[in-house]
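Okay, here's what each chain looks like letter by letter:
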Amino acid sequence: MNPADQPEAQERIAQAGAGNADAWGELYRQYAPAIFRFCRRAMPTREDAEDATMDIFIKVRQKLGQYDSSRPFSAWLYTVAANHCWDLLRRRKLRQDLETGEVENLPLEHPDPGALEQLIEQHTNQEVRRALDKLPARSRMALVLRYYADMSYDDIAGTLGVRRNFVGVVLLRARHQLRDILGEHGAANLATGGAR
């Protein structure tokens with residue numbers, strides 16, 4: 001958000017919090033598409049993402065009075081969205097607890113972030129989404145929180161309910177898993193003549 005727009009946005013948020021339907025409508029129109037994209041990356045299906053987006057905005061409207069105007073509104077909104085999606089995934093028992101995994105089997109080196117980005121760029125959004133859907137819920141959520149919502153390790157730890165120093169392990173595993181899935185998909189494309 002442009003700093004010059006900040007006072008106008010804060011005024012709109014205050015008006016929406018006071019019950020102004022037009023101000024609320026403006027906030028919804030401004031932020032709903034980004035929150036839906038976030039939910040689509042975090043949730044297994046489009047329908048889940050649509051439902052989650054609606055639920056998130058219902059929660060936001062109810063909790064607008066709790067918003068701390070010293071923080072960026074979008075950061076608060078993404079935190080609400082991340083917590084809601086993670087709660088849904090936990091309740092549906094889609095969460096796979098990786099804390100008991102074999103850490104010794106993990107490669108010690110981080111995958112080259114540039115190589116992972118290149119691999120992602122070689123695939124369509126739909127292929128990347130399908131690859132994300134194949135990840136365990138915690139891995140998918142960690143990647144979405146870090147690379148889409150740009151959350152800090154502390155915020156990710158709070159959202160996922162893990163220790164801060166475990167966030168790096170979750171992200172490392174998630175990046176390896178995504179790279180492996182996308183790499184397998186690329187190998188399958190080569191085997192079938194590269195048709196996509």
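See the structure above.
We now turn to the structure provided with this report.

Calculation notes
Residues numbered from 1 in each chain as written. Predicted model: local features only at pLDDT ≥ 70, side-chain atom pairs only at ≥ 80, totals over all residues. Heavy atoms only, no water. Helix = DSSP H or I, 4+ residues; strand = E, 2+ residues; numbered from the N terminus. Buried < 20%, exposed > 50% of the residue type's maximum accessible area, 1.4 Å probe, protein only. Areas by Shrake-Rupley, 256 points an atom, 1.4 Å probe, with all protein chains shown as cover. Core = buried A, V, L, I, M, F, W, Y, C linked by side-chain atoms within 4.5 Å. Contact = heavy atoms within 4.5 Å. Phe/Tyr/Trp six-rings, centres within 6.5 Å; stacked < 30°, edge-to-face > 60°. Salt bridge = Lys/Arg side-chain N within 4 Å of Asp/Glu carboxyl O. Polar contact = N/O pair within 3.5 Å; in protein donor to acceptor, adjacent residues only side chain to side chain. Axes fitted to C-alpha atoms, helices over the stretch in contact; angles between N-to-C directions. Left-handed = near helix turned anticlockwise from the far one by under 90°. Nonpolar A, V, L, I, M, F, W, Y, C, P; charged D, E, K, R; others polar. Arc of directions from axis to C-beta.

## Quick word on the overall build of the protein chain
Each helix and strand counted, the protein chain has nine helices and zero strands in total. Listing every helix and strand of the protein chain by position from the N terminus yields α-α-α-α-α-α-α-α-α. A buried classification covers 41% of the 196 residues belonging to the protein chain. About 11,000 Å² of surface is accessible on the protein chain, with carbon and sulfur atoms providing 49% of the total.

## Digging into the nonpolar core
Nonpolar side chains in soluble globular proteins generally cluster together in the buried interior. One finds Phe38, Ile56, Val60, Phe73, Cys85 and Met141 to be the most contacted residues of the largest nonpolar core, which totals 56 residues. Secondary-structure elements contributing two or more residues to this core are helix H1 (6–17), helix H2 (21–42), helix H3 (46–63), helix H4 (73–91), helix H6 (125–134), helix H7 (137–148), helix H8 (153–160) and helix H9 (164–191). With residues up to four places along the chain from it excluded, the contact list for Phe73 reads Ile13, Leu27, Tyr31, Val60, Leu64 and Tyr67.

## Considering the packing of aromatic side chains
Centre distance and the angle of the planes are the two values used to describe a pair of aromatic rings. All chains considered together, the criterion is met by nine aromatic pairs. A centroid spacing of 6.1 Å and a plane angle of 65 degrees characterise the contact between Trp24 and Phe57, whose relative ring orientation is edge-to-face. Of this pair, Trp24 sits in helix H2 while Phe57 is found in helix H3, placing the two residues 33 residues apart along the sequence. Here Trp24 matches Phe57 in class, with each residue buried. Ring centres 5.6 Å apart and planes at 65 degrees place the aromatic pair Phe38 and Tyr78 in the edge-to-face group.

## Brief notes about the pattern of salt bridges
Where charged atoms from two side chains of opposite charge come close, those side chains can pair. One pass over the full model with this rule turns up three salt bridges. A salt bridge links Glu50 to Arg46, with the shortest nitrogen-to-oxygen separation between them at 3.3 Å. Placement of the pair is Glu50 and Arg46 together in helix H3, with a separation of four residues, close to one helical turn. Under the relative-accessibility criterion, Glu50 is labelled partly exposed at 36%. Its salt-bridge partner being Asp154, residue Arg164 comes within 2.8 Å of it at the nearest N-O pair. With Arg164 in helix H9 and Asp154 in helix H8, this residue pair connects regions lying 10 residues apart in the sequence. Of the residues examined, Arg164 reaches a relative accessible area of 45% and is grouped as partly exposed.

## With respect to the side chain of Arg140
Note that Arg140 resides in helix H7. At 2.8 Å, the side chain of Arg140 and the backbone oxygen of Ala42 are in polar contact. Ignoring anything within four residues of it in the chain, the contact list for Arg140 reads Arg41, Ala42, Met43, Pro44, Leu89, Leu132, Asp133 and Leu135.

## Some remarks on the packing of H7 against H8
Axis separation between H7 and H8 bottoms out at 10 Å; the angle between their running directions is 145 degrees. Crossing angle aside, the handedness with which H7 passes H8 is right-handed. Every residue of H8 that contacts H7 at Arg138, Met141, Ala142, Leu145 and Arg146 is listed here: Tyr153, Ile156, Thr159 and Leu160. Partitioning the contact of H7 with H8 into residue classes produces six nonpolar, one polar and two charged.

## Remarks on the environment of Phe57
Relative accessible area serves as the criterion here: at 5%, Phe57 is assigned to the buried category. Sequence separation between Phe57 and Val80 is 23 residues; the distance between their C-alpha atoms is 9.2 Å. Contact partners of Phe57, with chain neighbours within four places excluded, come to Trp24, Tyr28, Tyr31, Ala32, Ile35 and Leu77.

## A short note on unusual backbone geometry
In the Ramachandran plot, Asp150 falls in the positive-phi region, its phi being about 55 degrees despite a non-glycine side chain. On the secondary structure map, Asp150 appears in the loop between H7 and H8. Look at Asp150 and you get exposed, because its relative accessible area is 61%.

## Description of H6
Residue pairs three or four apart in sequence face the same way in an α-helix, which turns once every 3.6 residues. Where H6 is concerned, the buried positions are Glu127, Val128, Ala131 and Leu132. Projected down its long axis, H6 carries its buried residues within an arc of 140 degrees, all on one side. In H6, the exposed positions angled more than 90 degrees off the buried face are occupied by Asn125 and Gln126.

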